[in-house]
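Inside the fold
Residue strings, one per chain:
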Amino acid sequence: MKKNIKLAKHAGFCYGVKRAVETTKKLKNENPDKEIFVLGELIHNSHVINELSSLGIHTVDELPCDKTGVCVIRSHGAAPEVFENAKNKGYEVVDLTCHDVKKVQQKAIQLVQEGFLLVIVGKPEHPEVCAIKANAQPHGEHVIVAPDTESLKEFEEEIIKHLSLIHISEPTRRVVIS
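Values in this document were obtained by computation on a predicted structure and should not be read as measured data.

Section: the environment of Ala134
Along the polypeptide, Ala134 turns up in helix 5 (residues 127-136). Placed 53 residues apart in sequence, Ala134 and Glu81 show a C-alpha to C-alpha distance of 8.7 Å. Once you skip the residues sitting within four places of it in the chain, Ala134 turns out to touch Ala79 and Pro80.

Structure (structure tokens):
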């Protein structure tokens, strides 16, 4: 039985990831003699990571201390300390944080500064969730990360203490104020 495979009209990467991949390739193309290091996977796609590696673009969890070059911040964003550490090690930093992710980080900072309780619902170890938390936390002490809404029960006492509750559910989606 013959089967047809159709590619969805809108298949592919979101614009933030597409921008990050294209910009990283362009950086290497324009700077063939510079070492390009991406902190963490630029995209959750092994084929793309392998392609970048074949172009001489290194995916690392930590920047080498004995080298210099370009440090690419992936579309998920990063903690402020990551930027500072890269600069202190002598790397040129290229911030490819997705514009939507940046907006969420900035909104999280603003709300925490205003005294709101910030609740981030998402995988606590996901780089985007880590970056939102890391950017907001220095501006106020009221930041909670829960893997799902069911897990919020363990924070019930703290949530009840705050009359104003900010809930960022699935960071790549929208901010809901309730």
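Examining the nonpolar core
Val21, Leu27, Ile36, Leu42, Ile43, Val70 and Val72 are the most contacted members of the largest nonpolar core, which totals 16 residues. Mapped by element, the contributors of at least two residues to this core are helix 1 (15-30), strand 1 (36-39), helix 2 (46-54) and strand 3 (70-73). Here the element with the most residues in this core is helix 1; it accounts for 4 residues. Among residues more than four places away in sequence, those in contact with Ile36 are Thr24, Leu27, Lys28, Gly56, Ile57, His58, Val70 and Val72.

Brief notes about helix 1
Between the first and last C-alpha of helix 1 there are 22 Å, a value that for 16 residues agrees with the 22 Å anticipated at 1.5 Å per step. Turning to helix 1, its buried residues number three or more, namely Gly16, Val17, Ala20, Val21, Thr24, Leu27 and Lys28. The buried residues of helix 1 occupy one face: seen down the axis, they fall within an arc of 135 degrees. Opposite the buried face of helix 1, at more than 90 degrees from it, the exposed residues are Lys26, Asn29 and Glu30. Elements that come into contact with the buried residues of helix 1 comprise strand 1, helix 2, strand 2 (57-60), strand 3 and strand 4 (92-95).

Some words on the pattern of salt bridges
Per the counting criterion, the structure on display carries 6 salt bridges. Residue Glu30 is joined to Lys26 by a salt bridge in which the shortest nitrogen-to-oxygen separation is 4.0 Å. Residue Glu30 and its partner Lys26 are both found in helix 1; the two are separated by 4 residues, about one turn of the helix. In this pair, the class of Glu30 matches that of Lys26, namely exposed. For the salt bridge of Asp95 with Lys102, the shortest nitrogen-to-oxygen distance reads 2.9 Å.

Points about the layout of surface pockets
Considered as a void within the structure, the second largest pocket measures approximately 350 Å³ in volume. Along its surface, the second largest pocket is lined by 18 residues, and Leu39, Asp61, Glu62, Ala78 and Val82 are the ones closest to its centre. For the lining of the second largest pocket, the secondary-structure elements that each account for two or more residues are helix 3 (80-88) and helix 5. The biggest single contributor to the lining of the second largest pocket is helix 5, with 4 residues.

Quick look at the pairing of strand 6 (residues 143-146)
Side chains Val143 and Val145 of strand 6 all project onto a buried face; the interleaved residues Ile144 and Ala146 project onto the opposite face, where all are buried too. As judged from the 4 bridges shared by strand 5 (residues 117-121) and strand 6, these two strands associate in the parallel manner. For Leu118, the partnering residue across the bridge sits in strand 6 and is Val143.

Some thoughts on the packing of helix 4 (residues 99-113) against helix 5
Running from amino to carboxyl end, helix 4 crosses helix 5 at an angle of 35 degrees, the nearest separation of the two axes being 8 Å. Relative to helix 5, the crossing made by helix 4 is right-handed. Note on element contacts: helix 5 touches helix 4 through Glu128, Ala131, Ile132, Asn135 and Ala136, opposite Val101, Val104, Gln105, Ala108, Ile109 and Val112. Across the contact of helix 4 with helix 5, the residue classes tally to 8 nonpolar, 2 polar and 1 charged.

Parameters and conventions
Residues numbered from 1 in each chain as written. Predicted model: local features only at pLDDT ≥ 70, side-chain atom pairs only at ≥ 80, totals over all residues. Heavy atoms only, no water. Helix = DSSP H or I, 4+ residues; strand = E, 2+ residues; numbered from the N terminus. Contact = heavy atoms within 4.5 Å. Core = buried A, V, L, I, M, F, W, Y, C linked by side-chain atoms within 4.5 Å. Buried < 20%, exposed > 50% of the residue type's maximum accessible area, 1.4 Å probe, protein only. Expected span 1.5 Å × (residues − 1). Arc of directions from axis to C-beta. Salt bridge = Lys/Arg side-chain N within 4 Å of Asp/Glu carboxyl O. 1 Å grid on protein atoms, 1.4 Å probe; cavity = no way out; pocket = protein on both sides within 12 Å on 5 of 7 lines; lining within 4 Å. Points joined across faces, edges and corners; volume = space filled by probe spheres on them. Pairing = 2+ DSSP bridges. Axes fitted to C-alpha atoms, helices over the stretch in contact; angles between N-to-C directions. Left-handed = near helix turned anticlockwise from the far one by under 90°. Nonpolar A, V, L, I, M, F, W, Y, C, P; charged D, E, K, R; others polar.

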